[in-house]
Amino acid sequence: MRLSRFFLPILKENPKEAEIVSHRLMLRAGMLRQEAAGIYAWLPLGFRVLKKIEKIVREEQDRAGAIELLMPTLQLADLWRESGRYDAYGPEMLRIADRHKRELLYGPTNEEMITEIFRAYVKSYRSLPLNLYHIQWKFRDEQRPRFGVMRGREFLMKDAYSFDIDEAAARLSYNRMFVAYLRTFSRMGLKAIPMRAETGPIGGDLSHEFIVLAETGESGVFCNKDVLDLPVPGADVDYDGDLTPIIKQWTQLYAATEDVHDGERFEREVTPDKRVHTRGIEVGQIFYFGTKYSDSMKALVSGPDGAERPIHGGSYGIGVSRLVGAIIEACHDENGIKWPEEVAPFKIAILNLKQDDSNTGEVCEKLYKAFTAKGVDVLYDDTDQRPGGKFATADLIGIPWQILVGPKGLAEGKLEIKKRSDGSREFLGVDDTIARFAQ
């Protein structure tokens with residue numbers, strides 16, 4: 001993409017309404033625009049990041065055996081009355097009526113609807129286990145939306161729902177999602193710690209929140225420092241095998257949100273030099289809730305003995321749009337964003353440092369065409385902006401690699417390659433640069 005043809009409305013000043021780093025940088029970098037309180041339009045740069053995150057989430061859900069579908073954003077109120085949650089959910093639920101005065105709601109989550117779909121088609125234990133997921137926009141009418149996409153009212157979420165014949169099988173499904181979440185966040189360059197958490201309005205008695213440690217986080221968290229160094233399972237993990245050793249490794253060390261924190265246990269199990277008490281950003285949460293929805297909504301299957309029984313369920317959410325903010329909170333400096341490569345809107349930025357020079361222009365075009373031909377996401381700054389402005393823009397929007405093309409370097413047959421994450425630089429010839437990145 002040529003920057004001269006891209007829509008990138010950079011802001012020079014820090015927006016007054018932005019209270020935290022991620023909100024400030026997303027607005028300054030032209031990633032989004034607020035349309036109403038807690039509701040944002042995703043501009044091209046931000047949308048590219050959102051799609052990169054969505055792609056990783058989808059790949060890891062598919063790898064773990066979940067099956068994608070898509071449910072509507074509007075749901076019938078009667079479904080929620082069946083489960084008993086319609087009145088209990090609270091004012092965060094947006095309740096509406098259509099022209100025929102049918103009561104609807106803009107879905108904040110989908111346990112009821114997926115249970116209704118399941119009971120319509122699945123009648124036997126032979127169809128289990130089953131895990132269905134979708135990636136969909138949701139709405140929760142937060143009383144005080146703030147912090148940009150970190151606590152918005154409209155948000156993009158991946159939610160998955162597992163169905164199993166009994167508790168033992170359901171816990172295996174829970175473990176699969178636990179491991180899939182570890183892999184998902186690791187691929188995005190995040191260290192997300194699974195912590196025991198409250199189940200809230202979802203229900204059940206087993207839940208883990210996946211927390212990215214950050215002082216700007218809304219959740220108080222307590223953990224053993226050693227949990228930060230645990231290895232994440234590789235791509236060869238066998239989801240049909242025994243995941244118990246992985247789960248045990250991650251859950252035997254103390255890690256809990258403030259809602260379920262046990263101070264006495266924390267002091268008993270964690271030595272003072274290992275205690276971490278900080279804040280964190282929730283980027284995902286998983287739940288096992290047993291037969292809560294199948295009991296109330298009569299989601300029954302026949303077991304091996306022919307008798308009908310309620311299924312055991314779990315739900316698993318990832319805040320796709322929230323992750324954009326969380327990654328920025330974890331990956332930035334005073335100059336702007338530092339995107340991990342897998343979620344960056346572009347992998348490479350080509351900066352032409354002398355726009356009216358035929359040699360620099362020729363080399364930039366050669367690089368741009370070579371990278372584009374190989375499918376590399378590249379942003380070519382072909383604008384008339386001065387070099388200092390180009391450097392500032394590239395740092396602000398956080399492209400992982402910057403290739404600086406200027407007359408002085410070309411006179412020596414070299415291009416300057418800057419790595420955004422650590423500021424390190426190296427010098428390569430034109431052909432070596434193409435070979436390095438256009439693989």
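In this text, all values refer to a predicted model and were calculated from it rather than measured experimentally. Residue indices follow the written sequence of each chain, beginning from 1 at its first position. pLDDT decides what is reported in this predicted model: residues at 70 or higher carry local features, side-chain atom pairs at 80 or more are listed and counted, and totals for whole chains, interfaces and linings draw on all residues regardless. Side-chain measures were taken over the full set of non-hydrogen atoms in the model, leaving aside hydrogen atoms and water.

**Some remarks on the overall build of the chain**
Part 1 of the reasoning: From N to C terminus, the chain includes 13 helices and 23 strands.
Part 2 of the reasoning: The dimensions of the chain, computed from C-alpha atoms along their principal axes, are 80 × 60 × 40 Å.
Part 3 of the reasoning: Think of it in three bands: with a 1.4 Å probe and only protein chains considered, a residue is buried below 20% of the maximum accessible area for its type, exposed above 50%, and partly exposed in between. Expressed as a percentage of its 439 residues, the buried residues of the chain come to 54%.
Part 4 of the reasoning: Sequence-distant contacts, at least 24 apart, represent 72% of the contacts inside the chain between residues at least 6 apart. Numbering of helices and strands runs from the N terminus, with a helix taken as a DSSP run of H or I at least four residues long and a strand as a DSSP run of E at least two residues long. Should any heavy atoms of two residues lie within 4.5 Å, those residues are considered in contact.

**Some points on the sheet that holds strand β19 (residues 348-352)**
Part 1 of the reasoning: Pairing between two strands is assigned when DSSP locates at least 2 bridges connecting them. With mixed pairing, the 5 strands of this open sheet are ordered in space as β20-β19-β21-β22-β23. Edge positions in the open sheet fall to β20 (378-381) and β23 (425-428), since each of these has one partner strand only. Going from strand to strand, the sheet's axes swing by 20 degrees on average, the running direction of each strand aside.
Part 2 of the reasoning: All axes here are fitted lines through C-alpha atoms, helices being fitted over the stretch that makes contact, and every angle between N-to-C directions spans 0 to 180 degrees. Across the sheet, helix α11 (residues 387-397) lies against β19, β20, β21 (401-405) and β22 (415-419), angled at about 170 degrees from β19, the strand it touches most.
Part 3 of the reasoning: Most of the contacts of helix α13 (residues 430-437) go to β23, to which it runs at about 120 degrees, and overall it touches β19, β21, β22 and β23.

**Quick word on the packing of helix α5 (residues 167-187) against helix α6 (residues 244-251)**
Part 1 of the reasoning: With their axes 10 Å apart at the nearest point, α5 and α6 run at an angle of 65 degrees to one another. Accordingly, the angle class assigned to the pair α5 and α6 is roughly perpendicular. Note that α5 runs across α6; the crossing there is left-handed. The residues of α6 that touch α5, namely those facing Asn 175, Phe 178, Val 179 and Leu 182, are Ile 246, Ile 247, Trp 250 and Thr 251.
Part 2 of the reasoning: For this classification, the nonpolar set comprises Ala, Val, Leu, Ile, Met, Phe, Trp, Tyr, Cys and Pro, the charged set comprises Asp, Glu, Lys and Arg, and every other residue, Gly included, is treated as polar. Considering only residue class, the contact of α5 with α6 consists of 6 nonpolar, 2 polar and no charged. Working rule for angles: under 35 degrees goes down as roughly parallel, over 145 as roughly antiparallel, 65 to 115 as roughly perpendicular, anything else as oblique. The handedness criterion is simple: a crossing whose near helix is rotated anticlockwise from the far helix by less than a right angle is left-handed, and one whose near helix is rotated clockwise is right-handed.

**So, the layout of surface pockets**
Part 1 of the reasoning: Computed from the structure, the largest pocket encloses a volume of approximately 1,200 Å³.
Part 2 of the reasoning: Forming the walls of the largest pocket are 45 residues, and the residues nearest its centre are Arg 140, Glu 142, Glu 282, Gln 285 and Arg 322.
Part 3 of the reasoning: At the level of secondary structure, the elements contributing two or more residues to the lining of the largest pocket comprise β2 (39-42), β8 (154-164), β13 (275-290), β16 (312-319) and α9 (320-330).
Part 4 of the reasoning: For the lining of the largest pocket, the class distribution of residues is 16 nonpolar, 15 polar and 14 charged.
Part 5 of the reasoning: Reported here for the second largest pocket is a volume of approximately 250 Å³.
Part 6 of the reasoning: The definitions used throughout rest on a 1 Å grid laid over the protein atoms alone, on which a cavity is an enclosed set of points accommodating a 1.4 Å probe that cannot get out and a pocket is an open set flanked by protein within 12 Å on both sides along at least five of seven lines; lining residues are those having an atom within 4 Å of a point. Forming the walls of the second largest pocket are 13 residues, and the residues nearest its centre are Ile 10, Lys 12, Gln 385, Gly 389 and Thr 393. Grid points are joined across faces, edges and corners, and a volume is the space filled by probe spheres set on the points.

**Section: unusual backbone geometry**
Part 1 of the reasoning: Of note, the amide linkage connecting Leu 128 to Pro 129 takes the cis form, showing an omega dihedral of 0 degrees.
Part 2 of the reasoning: Relative to the helices and strands, Pro 129 is located in the loop between α4 (111-121) and β7 (130-139).
Part 3 of the reasoning: A positive phi angle is found at Phe 147, which is not glycine, with a value near 65 degrees.
Part 4 of the reasoning: Within the element layout of this structure, Phe 147 appears in the loop between β7 and β8.
Part 5 of the reasoning: Residue Phe 147 is classed as buried on the basis of its relative accessible area, which comes to 11%.

**A short note on the packing of aromatic side chains**
Part 1 of the reasoning: Only Phe, Tyr and Trp rings are paired, with Trp represented by its six-membered ring, and only when their centres lie within 6.5 Å; those with planes under 30 degrees apart are stacked, over 60 edge-to-face, the remainder tilted. Across all of its chains, the model carries 15 aromatic pairs by this definition.
Part 2 of the reasoning: Relative to Phe 266, the ring of Tyr 254 lies with its centre 5.1 Å away and its plane at 50 degrees, an arrangement referred to as tilted. Here Tyr 254, found in the loop between α6 and β12 (255-257), pairs with Phe 266, found in helix α7 (residues 263-269); they are 12 residues apart in sequence, far enough to count as distant.
Part 3 of the reasoning: For Phe 266, a relative accessible area of 7% translates into the label buried.
Part 4 of the reasoning: Through pairs of rings, three or more aromatic residues link up here, namely Phe 178, Tyr 181, Phe 185 and Phe 210.
Part 5 of the reasoning: Against the face of Tyr 86 rests Arg 81, its NZ or CZ located 4.5 Å from the ring centre. Geometrically, a charge over a ring is one whose NZ (Lys) or CZ (Arg) sits within 6 Å of the ring centre while staying within 35 degrees of the ring normal.

**Some thoughts on the nonpolar core**
Part 1 of the reasoning: Side-chain atoms within 4.5 Å link the members of a nonpolar core, which is a set of buried Ala, Val, Leu, Ile, Met, Phe, Trp, Tyr and Cys residues. The biggest cluster of nonpolar side chains holds 86 residues, and the ones touching the most others in it are Met 31, Ile 53, Phe 185, Phe 210, Val 283, Val 324 and Trp 339.
Part 2 of the reasoning: Among the elements that take part in this core, α5 stands out by supplying 9 residues, more than any other.
Part 3 of the reasoning: The residues contacting Ile 53, other than those within four sequence positions of it, are Met 188, Val 320, Leu 323, Val 324, Ile 327 and Val 343.
Part 4 of the reasoning: If you look at the next biggest cluster of nonpolar residues, it comprises 23 residues, including Met 71, Leu 105, Leu 130 and Met 297.

**Here we look at the environment of Ser 321**
Part 1 of the reasoning: Its place among the elements puts Ser 321 in helix α9.
Part 2 of the reasoning: Given a relative accessible area of 3%, Ser 321 falls into the buried group.
Part 3 of the reasoning: Taking the C-alpha atoms as reference points, Ser 321 and Glu 54, separated by 267 residues in sequence, lie 8.8 Å from one another.
Part 4 of the reasoning: Setting aside its immediate chain neighbours within four residues, Ser 321 contacts Trp 42, Leu 50, Val 149, Phe 155 and Leu 156.

**Section: the pattern of salt bridges**
Part 1 of the reasoning: Here, a salt bridge means any side-chain nitrogen of Lys or Arg that lies within 4 Å of a carboxyl oxygen of Asp or Glu. Scanning the entire structure with this criterion turns up 37 salt bridges.
Part 2 of the reasoning: Arg 102 is the salt-bridge partner of Asp 98, the closest N and O atoms lying 2.9 Å from each other.
Part 3 of the reasoning: Lys 274 is paired through a salt bridge with Asp 226; the nearest N and O atoms lie 2.9 Å apart. On the criterion of sequence distance, the pair formed by Lys 274 in the loop between α7 and β13 and Asp 226 in the loop between β11 (219-224) and α6 is long-range, its members being 48 residues apart.
Part 4 of the reasoning: Take Asp 226: its relative accessible area is 28%, and that puts it in the partly exposed class.
Part 5 of the reasoning: Because the salt bridges share partners, they merge into one network encompassing Lys 55, Glu 59, Glu 60, Arg 63, Arg 183, Arg 187 and Glu 342.

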